[in-house]
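Architecture and fold: a report
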Amino acid sequence: MSVQGRRVLLCVGGGIAAYKACELARLLVKAGAQVRVALTPAAQRFVTPLTFQALTGSPVATDIFSAEQDLAAGHIALADWAELATVAPATANLLARLRIGQSDDMAAAALLAIEPRRWLLAPAMNEKMWASPAVQENVRVLKERGARFVGPAVGEMAERSHVGPGRMSEPAEIFAACADALAPRDLENVKVLVTAGPTREMLDPVRYLSNPSSGRMGYAIAEAARDRGARVTLISGPVELPRPADVEVVDVVSAEDLARAVDERLDGVRVVVMAAAVADQRPATRASRKVKKQPGDETMTLVRTPDILAGLGARAQRPMLVGFAAESENLEENARDKLARKKLDLIVANDVADAFGKETNRVLVLGKDGARREVQGPKLSVAHAIWDMVRERLGG
Ligand code: CTP
């Protein structure tokens, strides 16, 4: 995603990571973005307005009561101008103020005049502060309102004896997140259905067969589509992820639930992305009470679950189909085979070693038209690359 010509308001909070915001400003400017900067009073104790003015070539907003600044570009003018507001570092104080709407400086006042879904927050604070219930609750509420987050990363903090989540993401990573957040709205009103997460196949009320899918890739695909204007239904197996704002989420447990949920929601859907790690087998019987152990070894009979994708591929009238293939060997060959066998338009193949539970992903996307593209990066960037390929094939 290119940031060329896009308008980014960079709001800098008062933390030691403020020095890294200079590098972020430089990366954005270098990539052709228009960048304006607002500094909180606390930020100005770490970095100077002059630094950002020199980097961006524009005046820097520092004082909400300055008549001169207000005339040049007051907080509302900045908010109206910005397509994206990136907050780096987003301190505990700034997160709290954004949550409660306390706008006593230029950065917070401009931010409050911008809808939260256009905020990209890069938190930075001591790991104990980050873990505090107050900060965590603020983050949850801001996410629910549609704000995006990048980081914090795990690593050495400014106080070098401390290591933990709280360190601000590196400027390059925040830059990539800015680019993702500025995705084009090229799926406006396109109805899409995404599945994510594992399924659980119950043996009895307390035991199940499943897999370690975190759901992150599928959630990123749903969020990327939403950001590009799509109307998204996300059918999700059991995962521990916050619900994405402005996405219809349907919770399921088993492969059969998932099959039913997909079937019930296909009306008007133009693209189905099956990122769920669906169990291929389930126990033949499900006991209604907890099964007692028997002496010695036991045998369990497994039966096949419906292959949802293959079922969709076999239909005469069908949406565009994007499947996933997690492979531990012969990645490309196996993925090509699945692409053909399940009659898919695109398949996203990854090595199981890269696939489960991580923030980043490395995939090979293959098209039935012969397309072949390798993509690597944060799951949201990978998701956008997949939608780019879908968009190219979707027609008007
Ligand atoms: N899938 C599905 N229904 C199933 C199993 C899988 O729709 N019962 C979908 C997955 O969501 C994924 C794709 O099919 O998009 C590939 O799944 P995978 O289990 O890797 O493929 P299989 O064809 O089952 O091959 P194998 O298990 O032999 O690798």
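Residues numbered from 1 in each chain as written. Predicted model: local features only at pLDDT ≥ 70, side-chain atom pairs only at ≥ 80, totals over all residues. Heavy atoms only, no water.

Overview of the overall build of the protein chain
Scanning the protein chain from terminus to terminus reveals 15 helices and 19 strands. Relative to the 2.2 N^0.38 estimate, which gives 21 Å for 396 residues, the radius of gyration of the protein chain is 23 Å and therefore close to what a compact globule would have. The principal-axis extent of the C-alpha atoms belonging to the protein chain is close to 75 × 55 × 35 Å. For the protein chain, the residues scored as buried account for 51% of the 396 residues in total. Here the protein chain displays about 18,600 Å² of accessible surface, and carbon together with sulfur accounts for 49% of that area. Counting 52 positive and 49 negative side-chain charges, the protein chain places the centres of these two groups 2 Å from one another. (Helix = DSSP H or I, 4+ residues; strand = E, 2+ residues; numbered from the N terminus. Rg over C-alpha atoms; globule rule 2.2 N^0.38 Å. Buried < 20%, exposed > 50% of the residue type's maximum accessible area, 1.4 Å probe, protein only. Areas by Shrake-Rupley, 256 points an atom, 1.4 Å probe, with all protein chains shown as cover. Lys, Arg positive; Asp, Glu negative; His and termini not counted. Charge placed at Lys NZ, Arg CZ, Asp CG, Glu CD.)

Re the sheet that holds strand E16 (residues 320-327)
Read from one edge to the other, the open sheet built from eight strands follows the order E12-E11-E8-E13-E16-E17-E18-E19, with strand pairing classed as mixed. Bordering the open sheet on either side are strand E12 (248-251) and strand E19 (372-378), each of which pairs with just one other strand. Within the sheet, the average angular offset between the axes of one strand and its neighbour, ignoring direction, is 20 degrees. Relative to strand E17 (residues 346-351), E16 runs parallel, the two sharing six bridges. By the bridge assignment, Phe-324 is partnered in E17 with Val-348. (Pairing = 2+ DSSP bridges. Axes fitted to C-alpha atoms, helices over the stretch in contact; angles between N-to-C directions.)

Remarks on the site of the ligand
Near the ligand, the surroundings consist of 15 residues, among which Met-274, Ala-276, Phe-324, Lys-338 and Lys-342 are the closest. At a separation of 2.8 Å, an oxygen atom of the ligand approaches a polar backbone atom of Ala-276. Between Lys-338 and the ligand, the recorded distance is 2.9 Å, taken from a side-chain N or O atom to an oxygen atom. Sorting the residues of the shell around the ligand by element identifies helix H12 (308-313), E16 and helix H13 (331-341) as the ones contributing at least two each. Considering only residue class, the shell around the ligand consists of eight nonpolar, two polar and five charged. (Near = heavy atom within 4 Å. Polar contact = N/O pair within 3.5 Å; in protein donor to acceptor, adjacent residues only side chain to side chain. Nonpolar A, V, L, I, M, F, W, Y, C, P; charged D, E, K, R; others polar.)

Structural notes on helix H10 (residues 216-227)
If you check H10, its first and last C-alpha atoms are 16 Å apart, about what 12 residues at 1.5 Å a residue would give, namely 16 Å. Of all 12 residues that make up H10, 10 are buried, and the element is covered over most of its length. Directly beyond the C-terminal end of H10, a positive phi value near 100 degrees is found at Gly-229. (Expected span 1.5 Å × (residues − 1).)

Topic: the domain arrangement of the protein chain
Split by domain assignment, the protein chain resolves into domain 1 (7-181) and domain 2 (191-394). Once you take the C-alpha centre of each, domain 1 and domain 2 turn out to be 35 Å apart. Domain 1 puts six residues into the contact, and the matching count from domain 2 is eight residues. Regarding the contact of domain 1 and domain 2, the summed buried area is about 630 Å², with carbon and sulfur atoms giving 42% of it. Put simply, domain 1 and domain 2 have two salt bridges between them. Its salt-bridge partner being Asp-246, residue Arg-117 comes within 2.4 Å of it at the nearest N-O pair. Run the count over domain 1 and domain 2 and you get four residue pairs in polar contact (both at pLDDT 80 or more). Along the lines of polarity and charge, the residues of the side of domain 1 that touches domain 2 split into no nonpolar, one polar and five charged. (Domains from an automatic or database assignment. Contact = heavy atoms within 4.5 Å. Buried area = accessible area lost by both parts, 1.4 Å probe. Salt bridge = Lys/Arg side-chain N within 4 Å of Asp/Glu carboxyl O.)

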